[in-house]
Amino acid sequence: LLGRKVLIVYAHQEPKSLNGSLKNVAVEELSKQGCSVTVSDLYAMQFEPRATRNDIVGCLHNPEKFNYGVEVREAYKRGGLSSDVIEEQKKVQEADLLIFQFPLYWLSMPAIMKGWMDRVLVEGFAHQFPDCYSSGYLKNKLALFSFTTGGSQEMYTKGGISGDIRYALWPMQHGIMHYCGVKVLAPHICFGPESVSEEERKEMLLAWAQRLKTLWKEKPIDCSPEWYFK
Ligand code: FAD
Ligand code: ZN
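Everything quoted here is computed from the prediction, not taken from an experiment. (Residues numbered from 1 in each chain as written. Chains lettered and ligands numbered in written order. Predicted model: local features only at pLDDT ≥ 70, side-chain atom pairs only at ≥ 80, totals over all residues. Heavy atoms only, no water.)

1. Overview of the site of ligand 1
Going by this rule: Any residue with a heavy atom positioned within 4 Å of a molecule or strand is treated as near that molecule or strand. Pairing of N or O atoms within 3.5 Å defines a polar contact, subject to two protein rules: one partner must be a possible hydrogen donor and the other a possible acceptor, and residues neighboring in sequence count only if both atoms are side-chain atoms. For accessible areas, the Shrake-Rupley method is used with a probe of radius 1.4 Å. Any residue's cover is judged against the shown protein chains and nothing else. Cavity and pocket criteria rest on a 1 Å grid covering protein atoms alone: a 1.4 Å probe that fits but cannot get out defines a cavity, protein on both sides within 12 Å along at least 5 of 7 lines defines an open pocket, and an atom within 4 Å of a point defines a lining residue. To qualify as sitting in a cavity or pocket, a molecule needs more than half of its atoms within 2 Å of the grid points. Here a helix means four or more residues in a row that DSSP labels H or I, a strand means two or more in a row labelled E, and each is numbered from the N terminus. For this classification, the nonpolar set comprises Ala, Val, Leu, Ile, Met, Phe, Trp, Tyr, Cys and Pro, the charged set comprises Asp, Glu, Lys and Arg, and every other residue, Gly included, is treated as polar.
Lining the immediate surroundings of ligand 1 are 22 residues, of which His12, Ser21, Leu104, Thr148 and Tyr156 lie closest. Interatomic distance of 2.5 Å between a side-chain N/O atom of Thr148 and an oxygen atom of ligand 1. The contact in question runs from an oxygen atom of ligand 1 to an N or O atom on the side chain of Tyr156, over 2.7 Å. Starting from 1000 Å² of accessible surface for ligand 1 in isolation, the protein chains cover 70%. Of the pockets mapped on this structure, ligand 1 occupies the largest pocket. Only α1 (18–32) and α6 (198–213) provide two or more residues apiece to the shell around ligand 1. In terms of residue count, α6 provides more of the shell around ligand 1 than any other element does, 4 residues in total. For the shell around ligand 1, the residue count by class is 9 nonpolar, 8 polar and 5 charged.

2. Considering the nonpolar core
Using the following cut-off: Side-chain atoms within 4.5 Å link the members of a nonpolar core, which is a set of buried Ala, Val, Leu, Ile, Met, Phe, Trp, Tyr and Cys residues. Categorising residues by exposure relies on relative accessible area from a 1.4 Å probe, with only protein chains included: less than 20% of the type maximum marks a residue as buried, more than 50% marks it as exposed, and the intermediate range marks it as partly exposed.
If you look at the biggest cluster of nonpolar residues, it comprises 46 residues, and the most contacted ones within it are Phe100, Phe102, Trp116, Met117, Leu121 and Met177. Listed by contribution, the elements that provide at least two residues to this core are β1 (5–10), α2 (68–77), α3 (83–94), β3 (97–103), α4 (111–120), β4 (142–148), α5 (165–178) and α7 (225–229). Counting 22 residues, the second-largest nonpolar core is a separate cluster that includes Ile8, Tyr10, Met204 and Leu205.

Written out as structure tokens, the structure is:
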């Protein structure tokens, strides 16, 4: 929709990967709708995933004993976070929708994307207990996890060897996004793109483009334990 802002946080090393193609489809389709789209291409940016002392510019709140959470909270208040983190926070602040595009790594997101979560969603910016979940500071934003797997859809069922894919979504969707107040749209999952035909991969890309056409009409999921573990 005209004027809607989308941030795509993208984690794949190879532009010619299926993740790269899925990201391109989203940029194309959302731009066509009149949305303004920003991409954080984490590997291309060589995004720093480690939460360290370097994230604080200037003096520490307590130089005697380093506590990362306390230090970044205090640094955020005085505008003393490192510039790469501030950049990402600005992009998040402006966005109506965050799309996370990545290959599933160990039932989770790649380390570089987890590092983005760790470093960008700072206390005071994204949440501040008890301002979490429905009162998290990023309320009125939407998030969508779009990812690929190595395993097949049947492996990722309740009775399958890998368990319901929703179990993997609990930390990402509920533990991170919902915690920060973000409403979560249904995930978009491409199962086992490496084990299917070229034709089926083309269909996966078409299905994503198709979904994006009516994305703004979608209602968020009911992000409660029942959605994941019922
Ligand atoms: P790619 O191999 O890049 O793409 C698949 C194919 O699509 C390629 O042949 C590519 O050329 C083709 N393609 C690209 N663009 C197009 C296009 N426009 N049209 C048609 N074809 C196209 N999997 C799990 O299920 N669970 C795990 O816990 C898990 N942990 C992992 C941990 C690590 C460290 C690693 C490295 C992998 C893990 N995997 C796991 C597997 C991983 O999730 C898959 O390898 C990945 O999701 C595949 O996506 P891709 O984009 O990298 O595929
Ligand atoms: Zn939730």
